[in-house]
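In case you want the letters, here they are:
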Amino acid sequence: MMKKLLILLILCVALAVIRAVAVALAVALALMLIGSFIARPRETLAFLGTLSLSALAVAQPLACIVALGVVGVAVVIAGRNRRTRPLSLTRESAGE
């Protein structure tokens with residue numbers, strides 16, 4: 001009986017150590033992500049978007065298709081707004 005209790009205690013300690021290592025790795029990953037966002041925000045946001053979209057594709061394929069459609073429509077609308085905006089050429093903007 002005492003031998004089984006000792007094995008259980010050793011397993012509990014081993015699992016606690018593994019959990020502490022997992023938490024430390026999660027904190028290190030979060031700090032690295034913050035540093036990456038400070039250094040290169042555009043690339044970091046693209047990475048997070050790709051990561052979340054791939055996770056969504058695995059978990060909910062229909063939601064992924066809808067999200068891609070919404071992003072596509074937003075890109076098309078943003079492209080139209082940028083091209084149809086009239087250019088205002090005044091004396092200040094022409095450099096005179």
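For the structure, check the block above.
The residue numbers shown here count from 1 along each chain, following its written sequence. For this predicted model, a pLDDT threshold of at least 70 governs which residues receive local features, and a threshold of 80 or more governs which side-chain atom pairs are given and counted, while totals over whole chains, interfaces and linings are taken from all residues. Computation of side-chain values covers all heavy atoms of the structure but excludes hydrogens and water.

A word on the overall build of the protein. Helix and strand assignments follow DSSP, with helices taken as H or I runs no shorter than four residues and strands as E runs no shorter than two, numbered in order from the N terminus. Of regular secondary structure, the protein possesses 4 helices and 0 strands. Overall, the protein shows an N-to-C arrangement of helices and strands of α-α-α-α. To sort residues, take the accessible area from a 1.4 Å probe on protein chains only and compare it with the maximum for the residue type: under 20% means buried, over 50% means exposed, and anything in between is partly exposed. Per-residue burial over the protein gives 2% buried out of 96 residues. Only the protein chains shown count as cover for residues, with accessible areas throughout obtained via the Shrake-Rupley method and a probe of 1.4 Å. Of the roughly 8800 Å² that the protein leaves accessible, carbon and sulfur atoms contribute 75%.

It is worth spelling out the packing of helix 1 (residues 2-39) against helix 2 (residues 41-59) at this point. Between helix 1 and helix 2, the shortest axis-to-axis distance is 5 Å and the interhelical angle comes to 130 degrees. Viewed along their axes, helix 1 and helix 2 adopt a mutual orientation that is oblique. Residues Leu-33, Ser-36, Phe-37, Ile-38 and Ala-39 of helix 1 form the contact with helix 2, whose participating residues are Pro-41, Thr-44, Leu-45 and Leu-48. Ten residue types, Ala, Val, Leu, Ile, Met, Phe, Trp, Tyr, Cys and Pro, are classed as nonpolar, four, Asp, Glu, Lys and Arg, as charged, and the remainder, Gly among them, as polar. Partitioning the contact of helix 1 with helix 2 into residue classes produces 7 nonpolar, 2 polar and no charged. To obtain each axis, a line is fitted to C-alpha atoms, and for helices this fit is confined to the stretch in contact; angles are then taken between N-to-C directions over 0 to 180 degrees. Small angles under 35 degrees read as roughly parallel and large ones over 145 as roughly antiparallel, with 65 to 115 read as roughly perpendicular and the rest as oblique. Should any heavy atoms of two residues lie within 4.5 Å, those residues are counted as being in contact.

What follows is about the environment of Ser-52. As for its position among the elements, Ser-52 is in helix 2. Of the residues examined, Ser-52 reaches a relative accessible area of 45% and is grouped as partly exposed.

A patch consists of residues whose relative accessible area exceeds 30% and which take part in no salt bridge; residues with like charges are grouped when within 9 Å of each other, and nonpolar side chains (Val, Leu, Ile, Met, Phe, Trp, Tyr) when within 5 Å. Criterion for a salt bridge: a side-chain nitrogen of Lys or Arg within 4 Å of a carboxyl oxygen of Asp or Glu. Taken together, the side chains of Leu-6, Leu-9, Ile-10, Val-13, Val-17, Val-21 and Leu-25 present a nonpolar region at the surface, about 670 Å² in accessible area. A relative accessible area of 52% means that Ile-10 is categorised as exposed.

Take it as geometry only, folks, not as evidence of what the structure does.
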